[in-house]
Amino acid sequence: MGVLRYKDFGVDIDCGNDFVKALKPLAQKTFSPFVLGGLGGFSGCFEIPKGFKNPILCATTDGVGSKLSLAITHNRLENIGIDLVAMCVNDLICDFATPLFFLDYYATHKLMQSEALQIINGIVQGCKIAQCALIGGETAEMPSIYKKDDCDIAGFAVGIAEKEDVARRHTISSGDVILGIPSSGFHSNGFSLIRGIIETQNINVLQHFQDRTLLDWILEPTQIYVPHFLKCKDRIKGLAHITGGGLKENLIRILPENVMAYIDKNSLKIPKIFDFFLPYVEEQEAFRVFNMGVGMVVVVAKEYAESVIQDTQAYSIGYIASGAKQVVLE
């Protein structure tokens, strides 16, 4: 029997090492003075910033779902890393946590350095927007798990918050204003439905739509709302990241038991790309699957509404009233 090597079964250690060397300078672009030791250790090390009275750490993890499949099929991987960061840090700020650092997990059939670096470049861009450091990650070649040319990505983010701020949502009360910060499109939810529509209706995603291709609009990266949060976090009572489940199932997560939220459906500024797909979906299903143009909901006291609108490009979409805990779309 001949001598066998790891490489004979699809795993190239040398290629993996070369990839790590190539991504190190990219990750270093996101570093802050709190990053300790750089990349290459067994864990990413980060010094806890000072200045917090009673700090707590918050953590999130997520992926980008079926959106990745479209990106792979059409070799459009340059922005998918932004989606990955966004899906994690947008959840963090809903607990009033300022993102500190991010780690990624990239698993593939076979490591192709050019494609992997496209994804990492997107992650770096996302971390820069979110003002957090990319301090580590993991790359895995698994030809027995993934099909040829297939891959998956996951992200992990940690942020810091004042303990008292996490409970700030409990101050939401009747008379508060509900603001919506616009989404950049579908973000990273509902893509199994989007792909299903494309396949069953034989839609050419490279056709011209508005001033771009349909695919360009579909793959528009998820908006990162960290800068909006940092501008006005002291004036906010609650935030809800609108992902799977839509407005109703995400907004209700931050409501106290004694209030209800009313959303004016006619006030929503729904992007044109939604108009292309909505004829194939019942309205109730659309509001449950898609963000319908609102990527982040912000609840504020009435006296702060105008200043938050000016700082975030948000707009009024509803209000809080007394009643049994629920979200009503009118």
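A. Quick look at the sheet that holds strand E10 (residues 238-241). If you trace the six strands from one edge of the open sheet to the other, you get E10-E12-E7-E13-E11-E14, paired in mixed fashion. Lying at the two open borders of the sheet, with one neighbouring strand each, are E10 and strand E14 (326-329). Strand-to-strand twist of the sheet, defined as the mean angle between neighbouring strand axes without regard to direction, takes the value 25°. By the bridge criterion, five bridges tie strand E11 (residues 259-263) to strand E13 (residues 315-322) in an arrangement that is antiparallel. By the bridge assignment, Val259 is partnered in E13 with Ser322. Relative to the sheet, helix H12 (residues 305-312) contacts strand E7 (177-182), strand E12 (294-300) and E13, its axis offset from that of E7 by approximately 5°.

B. Quick peek at the pattern of salt bridges. Going through the model one piece at a time under the given rule, you end up with 14 salt bridges. Note that Lys50 and Glu47 form a salt bridge whose closest N and O atoms lie 3.3 Å from each other. Taking relative accessible area as the criterion, Lys50 reaches 70% and is therefore assigned exposed. Residue classification places Glu47 among the partly exposed positions, given a relative accessible area of 33%. Between Asp311 and Arg235 there is a salt bridge whose closest N-O contact spans 2.8 Å. Taken together, the positions of Asp311 in helix H12 and Arg235 in the loop between helix H8 (226-232) and E10 put the pair 76 residues apart, joining distant regions of the chain. On the basis of relative accessibility, which here comes to 19%, the residue Arg235 falls in the buried class. Each member of the salt-bridge network shares a partner with another, and the members are Arg76, Glu78 and Asp216.

C. The arrangement of unusual backbone geometry in detail. Located in the positive-phi region is Phe96, a residue other than glycine, with phi close to 60°. Residues other than glycine seldom take positive phi values, yet Gln313 does so here, at roughly 65°. The residue Gln313 is located in the loop between H12 and E13 in this model.

The rules behind each value
- Residues numbered from 1 in each chain as written.
- Predicted model: local features only at pLDDT ≥ 70, side-chain atom pairs only at ≥ 80, totals over all residues.
- Heavy atoms only, no water.
- Pairing = 2+ DSSP bridges.
- Helix = DSSP H or I, 4+ residues; strand = E, 2+ residues; numbered from the N terminus.
- Axes fitted to C-alpha atoms, helices over the stretch in contact; angles between N-to-C directions.
- Contact = heavy atoms within 4.5 Å.
- Salt bridge = Lys/Arg side-chain N within 4 Å of Asp/Glu carboxyl O.
- Buried < 20%, exposed > 50% of the residue type's maximum accessible area, 1.4 Å probe, protein only.

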